[in-house]
Amino acid sequence: MVVVKANGYGHGAIEAARAALAGGATWLGVVDSSEALALRAAGIDAPILAWLHDPAADFADAIAAGIDLGVNYLDQLESVGAASGLANVHLKVDTGLSRNGATEAEWAGIFGRAAELERTGAIHVRGIFSHLANSGADEDEAQVARFMAAVEQARAAGLDPELSHLAASAGALALPHARFDLVRIGVGAYGLSPFDDGDSAALGLEPAMQLDAGIVLVKRVPAGSGVSYGYRYETEAETTLALVPLGYADGIPRHASNAAPVSINGKTYRVCGTIAMDQFVVDVGDDEVAVGDRAVLFGDPSTGVPSAHDWATAAGTINYEIVTRIGNRVARTYES
Ligand SMILES: *Cc1c(COP(=O)(O)O)cnc(C)c1O
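L91, I123, F280, F298 and W311 are the most contacted members of the largest nonpolar core, which totals 94 residues. Ranked by residue count, the leading element in this core is helix α6 (residues 104–119), at 6 residues. Looking at this core, you find at least three residues from each of domain 1 (2–190) and domain 2 (211–324). F280 has contacts with A242, L243, V244, L246, I252, V262, V271, I275 and L297, leaving out every residue within four places of it along the chain.

Structural data, given as structure tokens:
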């Protein structure tokens, strides 16, 4: 399964879904019905699982569109069972992340009720799944064991799910025995590492997203010029400043002010001063930079440009947050 939630991790959900299916994915994963229905509206008819629903969700549209539904708790199971049409359900069990999913104490109740609803023809339990905390080898192993216990308990309750699934990118890469019948690959499918070192190349991954912008203004300024709001940067000598038309409204983290790398004409500089809503400044010294030259914020580091991980480090976050937050004003173009 390739996970295309959150607008395909910022890359564009429909394009990411099409690329994933062309690349061999057999399932798509999203958060809720609206994300799933948008894929259906684009003509994508592959199996889709949606797993986090508004408490007031009406599941009829999703069921009619053939969307599989992740179910977390008993009341939700009742809503899905009561909605018209046969719902394909994946029961989500909490094996130690303490986020969504039924707790161990709830398993007996939810499995028993699911078996009843299956007998009445309201639902079909196609899957059982959980999610890892990636908290360390021992903790992951404990979750794998609890997951296997949950699957066994579901079978004992009369369910016969075809798909047991636990691993996202990190688990799929690091824990082969956690792959079960299906892996739910998000960040890795976009060529980014799910691990702390952010080293895509070490995993054979190639980042799909490059974020760049044409420089809109270049100016010479004297030594001692304060740059951007609050003058958090001051030029040391006469220098050239290049203005990049991207800001925090576009998802460029303000926390990366004065820190994040930017590549222009093959050379890497740093953001100087505060990142504003729509723009930030790069001090390029005495280098020749012209209006229209491309400033590459991040892309595939094997091409010599900074990585999303470099931006994440500068902003005190993770590569996931860098790509998923790229805003709507930023035009996406696609190359195959
Ligand atoms: C987002 C998500 C994934 C994908 O995680 P990655 O770490 O990006 O691979 C998988 N499963 C669930 C339940 C998720 O919410």
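Domain assignment breaks the protein chain into domain 1 (2–190) and domain 2 (211–324). For domain 1 versus domain 2, the distance between C-alpha centres works out to 40 Å. Buried area between domain 1 and domain 2, both sides added, is near 380 Å², and the carbon and sulfur share of it is 75%. The tally of links from domain 1 across to domain 2 stands at 0 salt bridges.

A ring pair, where both rings are aromatic, is described by two values, the distance of the centres and the angle of the planes. By the definition in use, this model includes 5 aromatic pairs. Relative to Y190, the ring of Y9 lies with its centre 4.9 Å away and its plane at 20°, an arrangement referred to as stacked. With Y9 in helix α1 (residues 5–9) and Y190 in the loop between α8 (169–174) and β8 (211–214), this residue pair connects regions lying 181 residues apart in the sequence. Per residue, the accessibility class of Y9 equals that of Y190, and both read buried. Of the aromatic side chains, those joined through ring pairs into one cluster are Y9, Y190 and Y320.

It is worth spelling out the sheet that holds strand β3 (residues 48–50) at this point. Strand order in this open sheet of 7 strands is β1-β2-β3-β4-β5-β6-β7, and the pairing throughout is parallel. This sheet does not close on itself; its edge strands, each paired only once, are β1 (2–3) and β7 (163–165). Two elements, strand β4 (residues 67–71) and strand β5 (residues 87–92), share 3 bridges in a ladder whose sense is parallel. Residue pairing in the sheet places V71 in a bridge with L91 of β5. Contacts from α6 reach β4, β5 and β6 (123–129), with the element oriented near 145° to β6.

Before going further, it helps to spend a moment on a nonpolar patch on the surface. Together, L173, F195 and L203 make up an exposed nonpolar region whose accessible area comes to about 220 Å². Mapped onto the elements, L203 comes out in the loop between α8 and β8. Residue L203 is classed as partly exposed on the basis of its relative accessible area, which comes to 31%.

Quick look at α6 now. Here α6 spans 23 Å end to end across 16 residues, near enough to the 22 Å set by a 1.5 Å rise per residue. Buried within α6 are the following residues: W107, I110, F111, A114, A115 and L117. Seen from one end, α6 has its buried residues packed into an arc of 160°, which puts them on one side. Opposite its buried face, α6 presents the exposed residues A105, A108 and R119, each directed more than 90 degrees away. Contact partners of the buried residues in α6: β4, α5 (74–82), β5, β6 and α7 (137–156).

Parameters and conventions
- The residue count restarts for each chain, going from 1 along the sequence in the order it is written.
- Per-residue local features are limited, in this predicted model, to residues with pLDDT of at least 70; the limit for side-chain atom pairs, both in listing and counting, is 80 or more; totals at the level of whole chains, interfaces and linings are taken over all residues.
- Heavy atoms from the whole structure form the basis of all side-chain values; hydrogens and water molecules are not counted.
- The nonpolar core is taken to be a set of buried Ala, Val, Leu, Ile, Met, Phe, Trp, Tyr and Cys residues, with the residues joined through side-chain atoms within 4.5 Å.
- Classification of residues uses two cut-offs on accessible area relative to the type maximum, computed with a 1.4 Å probe and protein chains only: under 20% is buried, over 50% is exposed, and between them is partly exposed.
- A run of H or I in DSSP counts as a helix once it spans at least four residues, and a run of E counts as a strand once it spans at least two, with each numbered from the N terminus.
- Note: domain ranges come from an automatic or database domain assignment.
- What makes two residues a contact is simply this: any of their non-hydrogen atoms within 4.5 Å.
- Here the quantity called buried area is the accessible surface, traced with a 1.4 Å probe, that two parts lose on coming together, added over both.
- Salt bridges are counted wherever a side-chain nitrogen of Lys or Arg sits within 4 Å of a carboxyl oxygen of Asp or Glu.
- Between 30 and 60 degrees the pair is tilted, below 30 it is stacked and above 60 it is edge-to-face, where a pair is any two Phe, Tyr or Trp rings, Trp via its six-membered ring, whose centres lie within 6.5 Å.
- Note: two strands are recorded as paired if DSSP finds a minimum of 2 bridges between them.
- Axes, fitted as lines to C-alpha atoms, cover a helix only where it is in contact. Angles between the N-to-C directions of the axes lie from 0 to 180 degrees.
- Patches here: salt-bridge-free residues with over 30% relative accessible area, like charges joined within 9 Å, nonpolar side chains (Val, Leu, Ile, Met, Phe, Trp, Tyr) joined within 5 Å.
- Using a 1.4 Å probe, accessible areas were evaluated by the Shrake-Rupley method; residue-level cover was limited to the displayed protein chains.
- By definition here, a helix of n residues has an expected span of 1.5 Å times n minus one.
- Taking the helix axis as origin, the arc is that swept by the directions to the C-beta atoms.

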